[in-house]
Amino acid sequence: MDRKTVNVEMESKKEVPAEALAAARHELGEHNGINMSIEASNTFTFKDSDAMNRAFLGEVCPKTGIYIYSRHLNPTILNLGRQIAAMEGTETAYCTASGMSAISSVFLQLCNTGGHVVAAKTLYGGSHALLTHFLPQKCNITTTFVDIVDLEEVDKAMIEGKTSVLYFESISNPTLIVANIPELSKIAHAKGVRCCLWPADIVDQMRDPHEGPFMLLGPTMNPKLAFEISGRIPHLSMRMKKHCKRAMKYVTKMKELDPNLDVLYPGLKEHPQHSLLKSMSNKDYGFGGVFCIDMKTEGRAYRLMDKLQNNSKFGFMGVSLGYYETLMSCSSSSTNSMLDTKEKERAGISPGLVDVGLWRSLPNIDTSIIQAIEPRGFRIRRNFTILQTKRGVCVPVYKRQAMSEETKYVELCKGINGLDKIILREVRGCSAEVYLYGGHVTSWKNEHGEELLFVSSKAIFKPPKAIRGGIPICFPQFSNLGSLEPHGFARTRFWSIDNDPPPFPTNSSNKAFIDLILKHSEEDVKIWPHRYEFRLRITLGPGGDLMLTSRIRNTNTDGKSFTFTFAYHTYFHVTDISHMFVLSSEVRVEGLETLDYLDNLKNRERFTEQGDAIVFESEVDKVYLRTPTKIAVLDHERKRTFELRKDGLPDAVVWNPWDKKAKTIPDLGDDEYKHMLCVEAACVEKPITLKPGEEWRGRQELSAVPSSYCSGQLNPESAILSEDIGPA
Ligand SMILES: O=P(O)(O)OC[C@H]1O[C@@H](O)[C@H](O)[C@@H](O)[C@@H]1O
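Residues numbered from 1 in each chain as written. Predicted model: local features only at pLDDT ≥ 70, side-chain atom pairs only at ≥ 80, totals over all residues. Heavy atoms only, no water.

### Topic: the site of the ligand
For the ligand, the full set of nearby residues is Arg 468, Phe 478, His 487, Arg 491, His 569, Asn 600, Asp 621, Val 653, Trp 655 and Glu 680. Asn 600 is positioned with one of its side-chain polar atoms (N or O) 3.4 Å from an oxygen atom of the ligand. Between Asp 621 and the ligand, the recorded distance is 2.5 Å, taken from a side-chain N or O atom to an oxygen atom. Contact with the protein chains covers 80% of the free accessible surface of the ligand, which is 390 Å². Here the shell around the ligand is built from residues that sort into 3 nonpolar, 3 polar and 4 charged. (Near = heavy atom within 4 Å. Polar contact = N/O pair within 3.5 Å; in protein donor to acceptor, adjacent residues only side chain to side chain. Areas by Shrake-Rupley, 256 points an atom, 1.4 Å probe, with all protein chains shown as cover. Nonpolar A, V, L, I, M, F, W, Y, C, P; charged D, E, K, R; others polar.)

### Points about the nonpolar core
Within the largest apolar cluster, 72 residues are counted, with the highest numbers of intra-cluster contacts made by Phe 475, Phe 534, Ile 538, Leu 546, Phe 564, Phe 566 and Leu 677. Here the element with the most residues in this core is strand 33 (residues 676-690); it accounts for 8 residues. If sequence neighbours within four positions are ignored, Leu 546 has contacts with Ala 432, Val 441, Trp 444, Ile 471, Ile 538, Thr 539, Leu 540, Gln 700, Glu 701 and Leu 702. By size, the runner-up hydrophobic cluster in this structure holds 39 residues, among which are Phe 107, Ala 119, Ile 148 and Ala 179. (Core = buried A, V, L, I, M, F, W, Y, C linked by side-chain atoms within 4.5 Å. Buried < 20%, exposed > 50% of the residue type's maximum accessible area, 1.4 Å probe, protein only. Helix = DSSP H or I, 4+ residues; strand = E, 2+ residues; numbered from the N terminus. Contact = heavy atoms within 4.5 Å.)

### Structural notes on the pattern of salt bridges
Summed over the entire model, instances satisfying the criterion amount to 35 salt bridges. Between Glu 450 and Arg 640 there is a salt bridge, with its nearest N and O atoms 2.9 Å apart. Note that Glu 450 is positioned in the loop between strand 15 (440-445) and strand 16 (473-474) and Arg 640 in strand 31 (residues 640-647), a separation of 190 residues in sequence. Glu 685 is the partner of Arg 626 in a salt bridge, and the nearest nitrogen-oxygen pair spans 3.8 Å. Residue Arg 626 is found in the loop between strand 29 (620-624) and strand 30 (630-635), and its partner Glu 685 is found in strand 33; the two are separated by 59 residues along the sequence. Judged by its relative accessible area of 25%, Glu 685 falls in the partly exposed class. Through salt bridges that share partners, Asp 545, Lys 630, Glu 643, Arg 645, Arg 699 and Glu 701 make up one connected network. (Salt bridge = Lys/Arg side-chain N within 4 Å of Asp/Glu carboxyl O.)

### Considerations on the confidence of the model for the protein
Taken residue by residue, the protein gives an average pLDDT of 83. The fraction at 70 or more is 84%. Note that residues 199-209 has pLDDT below 50 and, in this model, 22 contacts with residues that lie over four places away or in other chains. Counting contacts from residues 363-406, a segment whose pLDDT is below 50, to residues more than four positions away or on other chains yields 84 contacts. For this predicted complex, the interface confidence score (ipTM) comes to 0.95, while the overall pTM stands at 0.51. (pLDDT = per-residue confidence, 0-100.)

### Regarding empty space enclosed by the protein
Throughout the structure, instances matching the rule amount to 2 cavities of 30 Å³ or more. In this model, the largest cavity occupies a volume close to 60 Å³. Taken together, Ala 120, Lys 121, Thr 122, Val 146, Asp 147, Ile 148, Glu 169, Ser 172 and Ile 177 make up the lining of the largest cavity. Classifying every residue of the lining of the largest cavity gives 4 nonpolar, 2 polar and 3 charged. (1 Å grid on protein atoms, 1.4 Å probe; cavity = no way out; pocket = protein on both sides within 12 Å on 5 of 7 lines; lining within 4 Å. Points joined across faces, edges and corners; volume = space filled by probe spheres on them.)

### Some words on the side chain of Glu 643
Relative to the assigned elements, Glu 643 resides in strand 31. For Glu 643, a relative accessible area of 0% translates into the label buried. Here the side chain of Glu 643 touches Arg 645 through a polar contact of 2.5 Å, side chain to side chain.

### Digging into helix 7 (residues 181-190)
All of the buried residues along helix 7 are Leu 184, Ser 185, Ile 187 and Ala 188. The buried residues of helix 7 all sit within an arc of 165° when viewed along its axis, so they share a single face. Turned more than 90 degrees off the buried face of helix 7, the exposed positions are Lys 186 and Ala 190. The first or second residue beyond helix 7 is Gly 192, which carries a positive phi of 70°. (Arc of directions from axis to C-beta.)

### Description of the sheet that holds strand 20 (residues 546-554)
Reading across the sheet, the 9 strands line up as 17-18-19-20-34-31-30-25-28 and stay open at both edges, with antiparallel pairing between neighbours. One side of each edge strand has no neighbouring strand; the edge strands of this open sheet are strand 17 (496-497) and strand 28 (614-615). Here strand 17 runs beside strand 18 (residues 512-519); their pairing, made up of 2 bridges, is antiparallel. In the strand pairing of strand 18, Ile 497 is matched with Leu 516. (Pairing = 2+ DSSP bridges.)

### Side note on the environment of Gly 212
One can find Gly 212 in the loop between strand 4 (194-198) and helix 8 (213-216). Residue Gly 212 is classed as buried on the basis of its relative accessible area, which comes to 10%. When the C-alpha atoms of Gly 212 and Leu 108 are compared, they prove to be 8.1 Å apart, with 104 residues separating the residues in sequence.

### Quick look at unusual backbone geometry
Along the chain, Pro 463 connects to Pro 464 via a cis peptide bond; the corresponding omega equals 5°. Turning to its location among the elements, Pro 464 is positioned in the loop between strand 15 and strand 16. Going from Phe 475 to Pro 476, the amide bond is cis rather than trans, its omega being 0°. Looking at the secondary structure, you find Pro 476 in the loop between strand 16 and strand 17.

### Digging into the packing of aromatic side chains
Throughout the structure, instances matching the rule amount to 25 aromatic pairs. Plain terms: the ring middles of Trp 528 and Tyr 532 are 5.9 Å apart, the flat faces sit at 65° to each other, and that makes the pair edge-to-face. Note on accessibility: Trp 528 and Tyr 532 belong to one class, buried. Plain terms: the ring middles of Tyr 571 and Trp 655 are 6.2 Å apart, the flat faces sit at 85° to each other, and that makes the pair edge-to-face. Of this pair, Tyr 571 sits in strand 22 (residues 571-573) while Trp 655 sits in strand 32 (residues 651-656), and the two are 84 residues apart along the sequence. The class of Tyr 571 is buried, set by a relative accessible area of 1%. Through a chain of ring-to-ring contacts, three or more aromatic side chains come together here, namely Phe 475, Phe 489, Trp 495, Trp 528, Tyr 532, Phe 534, Phe 562, Phe 564, Phe 566, Tyr 568 and Trp 696. The positively charged end of Lys 602 is found above the aromatic ring belonging to Phe 607, 5.1 Å away from the centroid. The positively charged end of Lys 622 is found above the aromatic ring belonging to Tyr 597, 4.3 Å away from the centroid. (Phe/Tyr/Trp six-rings, centres within 6.5 Å; stacked < 30°, edge-to-face > 60°. Lys NZ or Arg CZ within 6 Å of the ring centre and 35° of its normal.)

Structure, rendered in structure tokens:
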């Protein structure tokens, strides 16, 4: 027995790949190490000149332990080749540095100039480009593309004496078509055509591969990598079984949750080649770990992937799908982007096809479907915006309907505790809610019904307490900068609908708006001896922007001026302000860097902001002074940016109570501080003074855009126009 060989001869024809591999040679290390040694040399020496001569004459070779040059063959790479050959039941295997180097070498090996290939029309983009562009131009090798499941078409396309290769990839990427390998081999062999299948047995009836392009072009794998793969390959069977099992469970659950979902997976009975794959595949290995969801359009595919990666933490966007994490890609615009529209159509590659290689560990997948798969299923459901109908059937509603004629842009109804509330709606499905109590916006939702403002679960919708969350109006006093109750009384008064407001410079396309008015009451005059009219217009723009315009007029008849401070105390809803992302919080504010601020936590002492962006790791209560008209709040995890634009309001308050302070606020849950961030367009440092008859105007506009924000470059209009998972 060879010192480096454990007793077992390679048996290439074992039926079960794992058993065949276990029965294959196992190289030991140079010093009898249990691992084989990595042969890192490029070139090899010989015991004498005769041996060298015999090696070049081909009389001795790697089989007899004599190597010349690693580009031809290397012991470590050869060992991996033996393992793979054992698993695949082939005579030999050659390990290359990439799939495309293997595929191109095979074509160069088997085809002569002027040659002809018959290939499946659905191929990996690189293979398709090689056959469509490179080989015809450089080598005059042409290809006829066929539907690989139509055996007659395949047969007809092969020209005896001209066609040298029948090439297909099974299971195909990205459309998951399964080829009938035994039948295709028969048809090819009958015409003397070599049958090449990727990624399993590459070569059938090939001459010694070491004489051709494999040796000359040097696509050889790095021996260190070969060593690593050799060590992992013995467990591949276990991983593949689990991989396939997970995909099967996951897809089954998804289909259960939404039978209308366009999911492609060979494990599903409705897959056209389900039975074929079952008949060909090794027992217990299932149907692969890759499935596809057809979102129909590229835009919807992207938005789904964005959400799955950044909201649900489901996986990552990335091609290859072979990583140990779940990967997903929209093949039409990634791996298959080199195909033109017609070629994609012919190959059946929909622009919205999302391929998912499901690897990520789903906790308790075997023991608790409900705990493990269902929540993820629900996440997917949520991402597809699926609603539960009355009959309990899930229907996808991404075919968003335009607002029906009778749906109202403005609706007056009763809210919590019977308080009057106005709902504003826009055609795309966004909405806002305003309580007359406080003139208080309590909800702002995007077209997917996602809430963009934070309202505490403990909020008390009852006078005299202000509602915790939404957008309280602080007037005529911000915080405790005066003798009135903190933040003034406007947020705890009942406002009225202003049916006849003085003319407003409005955008005529805005239909969803409401005008409110608050006037002095005799009671209030006792605590703030002034007469005023506070008009508030709240508008929901067609793109979902929320705009608040305040007009405050001094209506004193005693000739006295009055002075006030003001804020739109906006509570933005954020994923989790306490989460850290690359050493800073997932949530940050841009636009306030380097500005002066008054620190409410330090007796309103004045400081200058030092950091590049405002991030959060503890309580913050600052009044930034003379701020720009645009401020952005970035929620990294949700991949959402709020843009706040303001006019007439020079300051900006940033407040989060963090954990300790939150516990002292009775109408705020202990952990709720994580999901809120107040950024308030305000006028604090220099109070406003109005003479009788004078009017002040202060405006705040909010947009939520589903992308990252680059300071100063954000065009909210175009970002807003990019729909989320919208109509198919
Ligand atoms: O609890 P309130 O009155 O709604 O105020 C909340 C916070 O509002 C912020 O605007 C102030 O800067 C903070 O100082 C204050 O604590």
